[in-house]
Amino acid sequence: GLLEYSAQRARGILHLQRAKVKWFLSVDEADLPAKERRSFREMKVDGQAIRLDEGMETLHNQCYASIFADRGYRREEARPSIELCSQIRQLANSLIS
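Keep in mind that this is a model prediction, so the values were computed, not measured.

**With respect to the overall build of the protein**
Part 1 of the reasoning: Each helix and strand in the protein was counted, giving two helices and five strands.
Part 2 of the reasoning: Taken from N to C terminus, the helices and strands of the protein fall in the order β-β-β-β-β-α-α.
Part 3 of the reasoning: For the protein, whose C-alpha radius of gyration is 16 Å, the value lies well above the compact-globule estimate of 13 Å for 97 residues.
Part 4 of the reasoning: Counting only C-alpha atoms and orienting by the principal axes, one finds that the protein spans roughly 40 × 35 × 30 Å.
Part 5 of the reasoning: Buried residues in the protein amount to 10% of all 97 residues.
Part 6 of the reasoning: In the protein, 15% of the contacts between residues at least 6 apart in sequence involve partners at least 24 apart.
Part 7 of the reasoning: Surface accessibility of the protein: about 8600 Å² in total, with carbon and sulfur atoms responsible for 52%.

**Focus: the layout of surface pockets**
Part 1 of the reasoning: Looking at the largest pocket, its volume works out to about 1900 Å³.
Part 2 of the reasoning: If you go around the largest pocket, you meet 42 residues; those closest to its centre are Lys22, Trp23, Phe24, Leu25 and Glu42.
Part 3 of the reasoning: Looking at the lining of the largest pocket, the elements that each hand over two or more residues are β2 (9-15), β3 (20-26), β4 (42-45), α1 (59-68) and α2 (75-96).
Part 4 of the reasoning: A per-element tally of the lining of the largest pocket places β3 first, with seven residues.

**Here's the deal with the pairing of β3**
Strand residues, when the strand is regular, have side chains that alternate between the two faces of the sheet.
Part 1 of the reasoning: Strand direction decides the pairing type here: β2 and β3, joined by seven bridges, are antiparallel. Bridged to Gly12 within β3 is Trp23.

**Points about the nonpolar core**
Nonpolar side chains in soluble globular proteins tend to end up buried together.
Part 1 of the reasoning: Core analysis: the largest hydrophobic core is formed by five residues, namely Leu2, Ala10, Leu14, Trp23 and Ala92.
Part 2 of the reasoning: Ignoring anything within four residues of it in the chain, the contact list for Ala92 reads Leu2 and Tyr5.

**Considerations on unusual backbone geometry**
Part 1 of the reasoning: Phi is positive for Asp46, which is not a glycine, with a value near 50°.
Part 2 of the reasoning: Within the secondary structure, Asp46 sits in the loop between β4 and β5 (48-51).

**Some thoughts on the packing of aromatic side chains**
Part 1 of the reasoning: Per the stated rule, a full pass over the model turns up one aromatic pair.
Part 2 of the reasoning: Look at Tyr64 and Phe68: their rings are 6.4 Å apart centre to centre, the planes differ by 25°, and that puts the pair in the stacked class. Of this pair, Tyr64 and Phe68 both sit in helix α1, separated by four residues, roughly a single helical turn.
Part 3 of the reasoning: Judged by its relative accessible area of 70%, Phe68 falls in the exposed class.

**Focus: the environment of Ala7**
Part 1 of the reasoning: Position of Ala7 among the secondary structure elements: in the loop between β1 (2-5) and β2.
Part 2 of the reasoning: Its relative accessible area of 76% is what places Ala7 among the exposed residues.
Part 3 of the reasoning: Separated by 16 residues in sequence, Ala7 and Trp23 have C-alpha atoms that sit 16 Å apart.

Here is what the cut-offs are and how they apply
- Residues numbered from 1 in each chain as written.
- Predicted model: local features only at pLDDT ≥ 70, side-chain atom pairs only at ≥ 80, totals over all residues.
- Heavy atoms only, no water.
- Helix = DSSP H or I, 4+ residues; strand = E, 2+ residues; numbered from the N terminus.
- Rg over C-alpha atoms; globule rule 2.2 N^0.38 Å.
- Buried < 20%, exposed > 50% of the residue type's maximum accessible area, 1.4 Å probe, protein only.
- Contact = heavy atoms within 4.5 Å.
- Areas by Shrake-Rupley, 256 points an atom, 1.4 Å probe, with all protein chains shown as cover.
- 1 Å grid on protein atoms, 1.4 Å probe; cavity = no way out; pocket = protein on both sides within 12 Å on 5 of 7 lines; lining within 4 Å.
- Points joined across faces, edges and corners; volume = space filled by probe spheres on them.
- Pairing = 2+ DSSP bridges.
- Core = buried A, V, L, I, M, F, W, Y, C linked by side-chain atoms within 4.5 Å.
- Phe/Tyr/Trp six-rings, centres within 6.5 Å; stacked < 30°, edge-to-face > 60°.

So this is what it looks like as structure tokens:
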């Protein structure tokens, strides 16, 4: 479910078939672990942190290049992610209303 939603941050828990995912998104600089950093992306799996903002600076460019070369994800592969984002958006809208 969605636990928090505002213009600055959102937080929730996803209960998936084989995983429970606690997530947090923020655009508030106060939520950064170090003030000199402009972004912070981290994922923890079984308590072990995996940093996603170090060494992946060109990842977006690589993804777009792959898509433009017709090597991107197909609709069928992307559908579950898009549907999940839609469900989160609907929950957020219900909290705002």
